[in-house]
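# Report on the structure
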Amino acid sequence: MHSIRIIGPGRAGTSLAAALSARGWEFAGFCGRGDDLSHAARGVDVLVIATPDDAISEVAAAVEPVAGTTVAHLSGSLGLDVLAPHPLRAAVHPLVPLPNGEVGAARLGSGVTFAVAGAPAAREIVGCLGGRAVEVADGDRAAYHAAACIAANHVVALLGQVERVAVTVGLDLESFLPLARAAVEDVAALGAAAALTGPARRGDWATLSRHLDALPEGERAGYQAGAALATRLAQAEAAVPATPSVPATPSVPAAV
């Protein structure tokens, strides 16, 4: 049986603690703000730093290294260098949102993908949770994490835009969620290019221009960015002829 202590009792930390505790790991407790961290690596197999990215290096440096204890972080964008001076370092980043401890624990054990690096403890954690471990080198982690943010944060932000535009015509977000779910399911089944529908796929530039004219000015730049991405995807599959990006209104520059 492995033992673990976690620095940072936030959403990620509480999710991981609950998930591993449910699978037999001995949980040695949390450390938080104001705690003396110098001895945090003592008496456990793994010490996880589950703080915001900007604090990881400072927190790691505050912990005295212990031979045999792996110090790990949960960051998607950072490499192992931020865990100096610890000899056993690991990175474990789950590709799943962790909105709170209860939901997060269930998702961590649902067979998701984890980006790992470093000491064997990283793969042991993933294996215990029934996940899929993929190695992501330090030099690739920023690009990897950008993809993760696009897949989650940017999708949520786009649905926020849907909600704002929908309310202008008397509809709520719920009316559009089946459309969004079906689109994601189509991507899973067919791939992104084959799943693309709509005016950008058809090369219907007049419709895209009408959309811009109908939108509030503050929503146009976001729409242009999405339309440009859809156009790029369609053109990559040679589904439509190469065409300039959606024309902008005089007050909003065209998306680059």
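Structure first, text after, so check above.
Residue positions are given per chain, counting from 1 as you read along its sequence in written order. Restriction of local features to residues with pLDDT of at least 70 applies here, the model being predicted, together with a cutoff of 80 or more for giving and counting side-chain atom pairs; totals for whole chains, interfaces and linings are based on all residues. Neither water nor hydrogens contribute to the side-chain values; these are computed over all heavy atoms in the structure.

This part is about the overall build of the protein. Only DSSP runs of H or I reaching four residues or more are called helices, and only runs of E reaching two or more are called strands; each is numbered from the N terminus. For the protein, the helix and strand inventory stands at ten helices and seven strands. Along the longest, intermediate and shortest principal axes, the C-alpha atoms of the protein span 65 × 35 × 35 Å. We call two residues in contact whenever any of their non-hydrogen atoms come within 4.5 Å of each other. Here the contacts in the protein between residues at least 6 apart in sequence split such that 53% fall between residues at least 24 apart. In this tally, Asp and Glu contribute negative charge and Lys and Arg positive charge; neither His nor the terminal groups of the chain are included. Charge placement uses NZ in Lys and CZ in Arg. For Asp and Glu, CG and CD serve respectively. In the protein, which carries 17 positive and 24 negative side-chain charges, the distance between the mean positions of the two groups comes to 4 Å.

An axis is simply a line fitted to the C-alpha atoms; with a helix, the fit covers only the stretch in contact. Between two such axes, the angle follows the N-to-C directions and lies from 0 to 180 degrees. As a packed pair, helix α1 (residues 11-21) and helix α3 (residues 101-108) sit with axes 7 Å apart at the nearest point and diverge in direction by 55 degrees. Overall, the two elements α1 and α3 adopt an arrangement that is oblique. Relative to α3, α1 is oriented so that their crossing is right-handed. Of α3, the residues touching α1 (which contributes T14, S15, L16, A18 and A19) are G101, G104, A105 and L108. Broken down by class, the residue content of the contact of α1 with α3 amounts to five nonpolar, four polar and no charged. With respect to orientation, any angle under 35 degrees is reported as roughly parallel, any angle over 145 as roughly antiparallel, any angle of 65 to 115 as roughly perpendicular, and every other angle as oblique. By the definition used in this description, the sense in which the near helix is turned from the far one sets the handedness, with an anticlockwise turn below a right angle giving left-handed and a clockwise turn giving right-handed. Nonpolar residues are Ala, Val, Leu, Ile, Met, Phe, Trp, Tyr, Cys and Pro. Charged residues are Asp, Glu, Lys and Arg, and all others, Gly as well, are polar.

Note on definitions: the grid is 1 Å and covers protein atoms alone; a cavity is a set of points where a 1.4 Å probe fits but cannot get out; a pocket is an open set with protein on both sides within 12 Å along at least five of seven lines; lining residues have an atom within 4 Å of a point. Grid points are joined across faces, edges and corners, and a volume is the space filled by probe spheres set on the points. For the structure shown, the criterion picks out one cavity of 30 Å³ or more. In this structure, the largest cavity occupies an estimated 50 Å³ of space. As for the largest cavity, its lining consists of L16, L74, V92, P94, L98, L108 and F114. Partitioning the lining of the largest cavity into residue classes produces seven nonpolar, no polar and no charged.

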